[in-house]
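Residue-level structural notes
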Amino acid sequence: MPLLPRLSYYRRIVSAYLLGGHSHLTFWHETPEENLNANASELGEYYMLVADKANYYGAYDSAGIPLLDYLGKIGLQYNPIAIAQYGLGNYNLFRRNGDSGRRN
């Protein structure tokens, strides 16, 4: 990897992990938690709670889809895994309390 892209990468890592900066890296830090409401014998809530993902405080596009901030030249981007986890977390919360905002 050439030197400049490598430095840019390390700057993003240091900013997120060591300096407490806000970046896409902080999205992934959630303690895995089993969803005790999930039942393998019926369609219902997802087996992992992922509630923190449902309460994502980052950027969204105009349709309400979360965008992760990769900082630097990369900037705001869609991340399919993050979007799926956000959706699953909101689905679990919708199933629990019927909140139409979570459904939307």
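Below you will find a few notes about this structure. From a predicted model like this one, the values you see are computed outputs, not experimental measurements.

Let's talk about the sheet that holds strand S3 (residues 76-77)
The strands that make up a sheet pair up through hydrogen bonds in the backbone, lying either parallel or antiparallel. Ordered in space as S1-S2-S3, the three strands form an open sheet in which the pairing is antiparallel. Of all the strands in the sheet, the pair left with one neighbour each is strand S1 (59-60) and S3.

A few points about helix H3 (residues 80-97)
Spanning 18 residues, H3 covers 26 Å between terminal C-alpha atoms, matching the ideal 26 Å at 1.5 Å per step. Of the residues that open H3, the one with a side-chain oxygen 3.0 Å from the backbone nitrogen of Ile-81 is Asn-79. Trailing H3 by a residue or two, Gly-98 shows a phi angle of about 70°, which is positive.

Definitions and limits used
Residues numbered from 1 in each chain as written. Predicted model: local features only at pLDDT ≥ 70, side-chain atom pairs only at ≥ 80, totals over all residues. Heavy atoms only, no water. Pairing = 2+ DSSP bridges. Helix = DSSP H or I, 4+ residues; strand = E, 2+ residues; numbered from the N terminus. Expected span 1.5 Å × (residues − 1). Polar contact = N/O pair within 3.5 Å; in protein donor to acceptor, adjacent residues only side chain to side chain.

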